[in-house]
Amino acid sequence: MNWWSRLVRRKQLEEELDKELRFHLDQHADDLIAHGSTPNEARRQARLYLGGPEQVKEKCRDARGARWLEDLIQDLRYGIRTLRLNPGFAIVAVLSLSLGIGANTAVFSVLCGELFPKLSYRDSGTLVKIVGIADSGGTPVRLSDAEFRSVQSSVDSFDEVASASIQIFHLTDGVSEPERLVGLGISPNFLSFLGVSPVLGRDFSLEEGRPGSENVAILSEGFWRSRYAGSRAILGRRVTLNEQPYTVVGVVPSDPWLLRDNLRVYVPLAADAAPASQSRSSFIWDVYGRLQRGLSVTAAQSELEAGSPRWASSDPESNRARRLHTVPVVETVFVDRAESSERLLLLQTTVGFVLLITCINVGCLLLAHATSRRYEFALRVALGAGRTRILRQLMTESAPLVALAGLGGMLLSFLGTRVIANVWGFHQTTFFDARVLVFTSAAVIATAILCCLAPAYRVLEGADEAALKERGRAVGMTRRSHRLLDALVLCEIGIALGLLVSAGVLVKSLGLRLQTTPGFATANLLLARTHFLGEKYTTAEARARFIRRALDEVAVLPGVRAATVVDPYPPSGEQAFPILTAGSQTFGEPRPTVRHRSATSGYFRTLSVKVLRGRDFSPRDEGTEPGKAIINEAMARRFWSDVSPIGRLITTNRDGQVAPLQVIGVVATGDNNLAYHPEPQAEIVELSAVPSEAPWFMIRTDAEPLQLVPMLRQAVHNVDPNQPLAAFRTVENWIAQESSGHRALAEVLAAFAGIALALVAIGVYGTLSHVAALRRNEVGVRIALGARPGMIVRLFLMKGIRLVLIAFPLGLVASWILTRWMSALLFGVGFAEPKILVSTTLFLISTVLLAALGPAWRCSRVDPASALRAE
Amino acid sequence: MTSSKSSLPQGTLDLLILRAVAAGPFHGYAIAQRLEQASRGVVQVPEGSLYPALHRLENRGLLAADWKKTETGREAKFYRLTRKGRKQLETEAESWQRLTEAVSLILAMADGRVK
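Cut-offs used in this document
Residues numbered from 1 in each chain as written. Chains lettered and ligands numbered in written order. Predicted model: local features only at pLDDT ≥ 70, side-chain atom pairs only at ≥ 80, totals over all residues. Heavy atoms only, no water. Helix = DSSP H or I, 4+ residues; strand = E, 2+ residues; numbered from the N terminus. Buried < 20%, exposed > 50% of the residue type's maximum accessible area, 1.4 Å probe, protein only. Contact = heavy atoms within 4.5 Å. Areas by Shrake-Rupley, 256 points an atom, 1.4 Å probe, with all protein chains shown as cover. Arc of directions from axis to C-beta. Patch = residues over 30% accessible without salt bridge, like charges linked within 9 Å, V, L, I, M, F, W, Y side chains within 5 Å. Salt bridge = Lys/Arg side-chain N within 4 Å of Asp/Glu carboxyl O. Buried area = accessible area lost by both parts, 1.4 Å probe. Polar contact = N/O pair within 3.5 Å; in protein donor to acceptor, adjacent residues only side chain to side chain. Nonpolar A, V, L, I, M, F, W, Y, C, P; charged D, E, K, R; others polar. Pairing = 2+ DSSP bridges. Axes fitted to C-alpha atoms, helices over the stretch in contact; angles between N-to-C directions. pLDDT = per-residue confidence, 0-100.

Novice: Before we move on, can you summarise the overall build of chain A with the specific residues and values?
Specialist: Each helix and strand in chain A was counted, giving 26 helices and 24 strands. Each of the 871 residues in chain A was classed as buried or not, and the buried ones make up 51%. When contacts within chain A are restricted to residue pairs at least 6 apart in sequence, those whose partners lie at least 24 apart make up 80%. A total accessible area of about 40,000 Å² is found for chain A, and carbon and sulfur atoms account for 57% of it.

Quick look at the structure:
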């Protein structure tokens, strides 16, 4: 008989066991009667001789092989029955556990995809990126034409080498307005190198991209769907890219790594066919290699290192030597990894805390449940059940609970992953990942163990004769089980406090950040970008003429107060403009840097910023030598603390040349909280007829700025019908968008803090209800002795307040852990802001009091007579 | 029943049961009787351990069992040795023999302390 048939024939086996033992007893009794005993005495003797029938049966069951499985199924049935008897408890427990597990898994999926991306390219583990790094250090930079060709022809470590270069295209196709597109010029083998195949049409052939071959292009799937409505007629269609005719031959899918969805069009580009202006010394190529089978990254690295003196061009900035390096592609695909990983770790810690609270909560409920079952377990021990058997039963009983919660958690995590990825702009990577499954299972199992441990511990030390004896009276709680419950609730409250405090700190920091204006009125400022490309705009004069004429057209539009062309637009901009000399001071390395923007003469009028000293730009200043600039007060203070900066010269480094600028005015310093700089930043605005190759129109309007877009388009169209405008936005939108990450984080954290608060309320309510039930007799005695209901209620409420106060240091620790992950987002607040601490603690106390009120009230209404009668 | 009963050394119950069943098949009550009679009442199976032992031996494949009618016409579970059980009995009996001989030899040491 194998274990399976034993399991299936369980009932029959039980009957047989019973029959066998009965036969033995009868036979023995018959013998004794035959020897002269009375029937009663004979049966008693036989029974004594055999031993207690239930204990013998239990031992016989143990002797059977499949015992564990039988028990498992029995306990599972029992567990499910218990859950069905207690639907309220079941629903609360399953929901809160699902939430905890689901949120954890969702955040972990995103975290996993972000920090350890799994690229879907062919043998992605063998893909490396080749970068050039100057000996003096610095960030990895792209390769030049010559370097790419050397790597392609001379390096043996790679099976195949491919390259890509970011390009800007002006697309005109007669379908709708001309459009500015970001795309890639790629070596013809690039897509097949990655193992990406077109969803429609074909890949490039290796000859394409050479000079003289026909111009062909491949579109991204997203762009094809949005601009051409996914029509198959796109194949063979002729479009104009940068004034050249191209034939569309294929459509490829986007991915979150090298073919991101902001890349709209791909054209074949051979290294030697790059535009003349971008050849030799310009570093435009992202170069990728596929390692030969079995070759390590280090081996390829040493070959590159050895060949670097011959292959690498010199560093154009300083003329210092460069070396080529290999980096696994996996490590290069996310630029913003450091920042997002910090946020994700913050999220992960938060949801980890929430899961912990959930576990403690369910543990508390189970513990209370198990404590009231002490008598049942003590009885079973007395009837011959082993203690491990009971421990196992407790574990198995909570299994249906945890299984349901795991299932719910899975569902929630699928939804949650999408929500986090979409709302929060994380890269959408593959959702199903074995690692995530492992994590979820681990979370579920850990939850199960955590949930069971406390009650099991309680029962194992409590299932003794004392519990049996106590049966006469209501089973009182021992001091120890009291303390355990209190400790669990304390942990819970502490963690919730930590979450509340950190959410509060984040919200406050966001408020501080958005409160201060960037130094000008942000309302009604429209932005639109144009990009100079092609033969027509190779000269600065042509560009200046276009800008001047377009600004003239825009200025007369109804509803326009002022307009300018600027790059970068305020309040964005990096502090990266090096100052070589300022007045009589000369600076060595490292040079001081300030924030810089170039603008046409209408800039300050458009912003409505007054010039405090000196004068504003005038159109006559354009093209004069030296160039004219206006600085803010912060910069004036930094370089000329005691003398007037007006008329002084500043020199900077521009294209390797020293360029002088003359300060003609000083404006007030705007606050720059958006970039989380606690100090106001120095800024210089340089007058320029052509601020950059891709400058922004910035227009101050009377009313809702975006309504002006069609008129603006028309105005620019009047000047040059083929010059596209793109990226319409308002300064206000941009600021909101810039702080959206912070806002989303604050919202998510607040949401989790809310969940934690709700869980704590549930936990406190459940625990106190249980305590109240157990203290019924005591309260009955108190009331009989003259205590008023108010005193009983106060007893419970004081306990609640005490719990919160004791949990306070724990809350500080939790909030310290959480705020460590958001140091970059904290602006002007610390992790233990007194106001926030006090208000959250009060908030928590009131929540706990609210939760305690119900049980306390019920307990104070106890009828002393009935409570004492139960004694 | 005699009043002077010896407690069984640990682990010998299985061996005794195997031996008692060897002439089988017998039902549980008969096995208990045979053990007691063969030892002239000295050995009594500890209370409550006969049936767990029988089931354990059955589970290990040393015993097999069938339900059969007794002389009195009642149905009872009859145990008998399997081939594996017989082999086990032989080896265990042999090693027991060796052990008891060795123990007797030691106890009979000629230094006169114990007679």
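What follows picks up the thread again.
Novice: Which residues make up helix H20 (residues 709-719) of chain A, and what values go with them?
Specialist: Residues lying three or four places apart along an α-helix face the same way, a consequence of the helix completing one turn every 3.6 residues. Residues and elements named next belong to chain A. For H20, the full list of buried residues reads Val709, Leu712, Ala715, Val716 and Val719. One side of H20 carries all its buried residues, which in axial view fall inside an arc of 120°. If you follow the buried residues of H20, they end up packed against strand E12 (525-530), helix H17 (540-555), strand E23 (696-701) and strand E24 (725-730).

Novice: Please give an account of a nonpolar patch on the surface that cites residues and values.
Specialist: A grouping of B:Trp96, B:Leu99, B:Val103 and B:Leu107 is seen on the molecular surface, where their side chains present a nonpolar patch of about 390 Å² in accessible area. Among the secondary structure elements, B:Trp96 is positioned in helix H4 (residues 83-107).

Novice: Please provide a residue-by-residue account of the interface of chain B and chain A, values included.
Specialist: Taken together, the contact pairs 23 residues of chain B with 22 residues of chain A. Counting each side, the surface lost to burial between chain B and chain A is near 2,100 Å², with a carbon and sulfur contribution of 58%. Here chain B is connected to chain A by three salt bridges. Residue B:Glu75 is joined to A:Lys19 by a salt bridge in which the shortest nitrogen-to-oxygen separation is 2.9 Å. The interface formed by chain B and chain A holds seven residue pairs in polar contact (both at pLDDT 80 or more) in total. Of all elements in the fold, only helix H2 (28-38), helix H3 (50-59) and strand E3 (75-81) of chain B reach the threshold of two or more residues within the side of chain B that touches chain A. Element by element, the count of residues in the side of chain B that touches chain A is highest for H3(B), at six residues. Looking at the side of chain B that touches chain A residue by residue, the class counts come to nine nonpolar, eight polar and six charged.

Novice: So, unusual backbone geometry: which residues are in play, and what are the values?
Specialist: All names here are of chain A. A cis amide bond links Asp567 to the next residue, Pro568, at an omega of -10°. In this fold, Pro568 is placed in the loop between strand E13 (560-567) and strand E14 (575-578). Here Glu625 and Pro626 are connected by a cis peptide whose omega angle stands at -10°. Summarising the element assignment, Pro626 is placed in the loop between strand E18 (611-614) and strand E19 (627-632). With a phi close to 55°, Ala229 is a non-glycine residue in the positive phi region. Structurally, Ala229 can be placed in the loop between helix H9 (221-228) and strand E7 (238-241).

Novice: Help me get a handle on the sheet that holds strand E2 (residues 63-69) of chain B, residues and values and all.
Specialist: Residue and element names in this part refer to chain B. Taken together, three strands build an open sheet; the order of strands is E1-E3-E2 and the sheet is antiparallel. With partners counted over all chains shown, the strands left at the sheet margins are strand E1 (26-27) and E2, one partner each. Inspection of the sheet shows E2 paired to E3 by seven bridges, in the antiparallel sense. Counterpart to Ala64 in the pairing with E3 is Arg80. Against the sheet, H3 touches E2 and E3, its axis set at about 55° to E3.

Novice: So, the pattern of salt bridges: which residues are in play, and what are the values?
Specialist: Tallied over the entire structure, the rule returns 23 salt bridges over all chains. Each of A:Asp18, A:Arg22 and A:Lys57 takes part in a single network of salt bridges with overlapping partners.

Novice: Give a detailed account of the environment of A:Ser163, specifying residues and quantitative values.
Specialist: Residue and element names in this part refer to chain A. Along the chain, the position of Ser163 falls in strand E3 (residues 158-172). Taking the C-alpha atoms as reference points, Ser163 and Leu191, 28 residues apart in sequence, are found 10.0 Å from one another. For Ser163, the residues in contact, after removing those within four places along its chain, are Phe148, Gly185, Ile186, Ser187, Phe190, Trp285, Asp286 and Val287.

Novice: If you had to explain the side chain of A:Asp621 to someone new, which residues and values would you point to?
Specialist: All names here are of chain A. Within the element layout of this structure, Asp621 appears in the loop between E18 and E19. We classify Asp621 as buried; its relative accessible area is 9%. For Asp621, the side chain forms a polar contact with the side chain of Arg615, separated by 2.9 Å. Ignoring any residue separated from it by four or fewer positions in sequence, one finds Asp621 in contact with Arg615, Asp616, Lys628, Ile664 and Leu687.

Novice: Could you give an account of the confidence of the model for chain B, with specific residues and numbers?
Specialist: Taken as a whole, chain B shows an average pLDDT of 80; of its residues, 85% reach a score of 70 or greater. Across the whole predicted complex the pTM is 0.58, and at the interface the ipTM reaches 0.82.

Novice: Quick rundown of the pairing of strand E6 (residues 216-220) of chain A? Include the residues and the values.
Specialist: All names here are of chain A. Taken across its five residues, E6 has five buried, putting it largely inside the fold. Of the two faces of E6, both are covered, the one formed by Val216, Ile218 and Ser220 as well as the one formed by Ala217 and Leu219. In this sheet, strand E8 (residues 244-252) lies alongside E6 in parallel orientation, the contact comprising five bridges. What sits directly across from Ala217, in E8, is Val248. The pairing of E6 with strand E9 (residues 265-268) spans two bridges and is antiparallel. Bridging from a neighbouring strand, Ile218 pairs with Tyr266 of E9.

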